[in-house]
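# Structural overview for review
Below are the chains, spelled out letter by letter.
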Amino acid sequence: MKTKDFALQVKDLSEDGTFEGYGSVFGNVDVYGEKVMPGAFVESLARHKREGSSVLMLWNHDSYQPIGVWDDLAEDAKGLWGKGRLLLDIQKAREVHTLAKAKAIGGLSIGYRETDTDQDGTVRLLKKLDLYEISPVTFPANRRARIEAVKSERMEEFARRIRDGEPPPIKEFEDLLREAGVPKAMAVQIASVGYAKAIRSESEGDKANDQAERFLQMLKLG
């Protein structure tokens, strides 16, 4: 079984554990270079209905931790929509409910088997998927995408301030490095030596800004 993660878009999570959300979104090329196509789940959902089987709701894909049921699943123009219900008599479900209410859980993830795929250049198209389960998860792949988007926005703002001749403080650059995964000691060294030298080099004019922006470019490539 393979898994694929999506940003959690939960609507009206109620006190009794009922919620709506999308377990998959069509047309989005994910971090793995794959795109789920409209119609991917139609046959699988029809088979579940015909056979009286259920798409499971697990916690983090753990088959030993069922936490709820999917009362309704269907494709719409956006993706795989579902109405689910956390079974609050189960301790883990109560914990997930609390985390979701506090927006401490970042996504849903589908467990599936590929039955029909295609290739469009560098993008792999997932045309038919046999759906087994949809899990609330702690760290979905789209969480990484959201974090990368936030990092990108911060770096663009950082670069703009450098270009405008208002370089951010050394500590701010160090924090940016740390968020990108650079070890603390190395981040301190890079920020306090290389970056500090670049922004203090007033006599070199634009060259200092260019050097500082190269740090940001290396961060993006990493």
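Here is a short report on the structure shown in this document. (Residues numbered from 1 in each chain as written. Predicted model: local features only at pLDDT ≥ 70, side-chain atom pairs only at ≥ 80, totals over all residues. Heavy atoms only, no water.)

### Overview of the side chain of serine 109
Mapped onto the fold, serine 109 is located in strand S7 (residues 107–120). Looking at serine 109, its side chain comes within polar contact range of the side chain of histidine 61, at 2.6 Å. Those residues in contact with serine 109, other than ones at most four positions away along the chain, are Thr3, Lys4, Asp5, His61, Glu133, Ile134, Ser135 and Val137. (Helix = DSSP H or I, 4+ residues; strand = E, 2+ residues; numbered from the N terminus. Polar contact = N/O pair within 3.5 Å; in protein donor to acceptor, adjacent residues only side chain to side chain. Contact = heavy atoms within 4.5 Å.)

### Here we look at helix H5 (residues 184–200)
Its 17 residues place the ends of H5 22 Å apart at the C-alpha level, agreeing with the 24 Å of an ideal helix rising 1.5 Å per residue. Remark: the principal bend of H5, roughly 30°, maps to alanine 191. Buried residues of H5: Ala187, Ala191, Gly194, Tyr195, Ala196 and Ala198, and no others. (Expected span 1.5 Å × (residues − 1). Bend = angle between axes of the 7 residues up to and from the residue. Buried < 20%, exposed > 50% of the residue type's maximum accessible area, 1.4 Å probe, protein only.)

### Some remarks on the pairing of strand S2 (residues 18–25)
Most of S2 is tucked away: seven of the eight residues are buried. The sheet contact formed by S2 and strand S6 (residues 79–86) spans seven bridges and is antiparallel. Note that in S6 the partner of tyrosine 22 across the bridge is tryptophan 81. (Pairing = 2+ DSSP bridges.)

### A short note on the pattern of salt bridges
Under the defined criterion, the tally for this structure stands at twelve salt bridges. Arginine 124 is paired through a salt bridge with glutamate 114; the nearest N and O atoms lie 2.6 Å apart. Pair noted here: arginine 124 is in strand S8 (residues 123–137) and glutamate 114 is in strand S7, with a separation of ten residues, a long-range link. In this structure arginine 124 comes out as partly exposed when scored by relative accessible area, which is 23%. (Salt bridge = Lys/Arg side-chain N within 4 Å of Asp/Glu carboxyl O.)

### Let's talk about the pairing of S6
Along S6, six of the eight residues are buried, which leaves the element largely enclosed by surrounding structure. Note that strand S5 (residues 62–75) and S6 share seven bridges and pair antiparallel. Along S6, the bridge assignment pairs valine 69 with arginine 85. With antiparallel pairing between neighbouring strands as the criterion, S5 and S6 make up a hairpin whose turn holds three residues.

### What about the environment of proline 168?
By the secondary structure assignment, proline 168 is in the loop between helix H3 (141–163) and helix H4 (170–179). Each C-alpha atom, one on proline 168 and one on glutamate 157, is 9.8 Å from the other, the two residues being eleven residues apart in sequence. Other than its neighbours up to four places away in sequence, proline 168 contacts Phe158, Arg161, Ile162, Tyr195 and Ile199.

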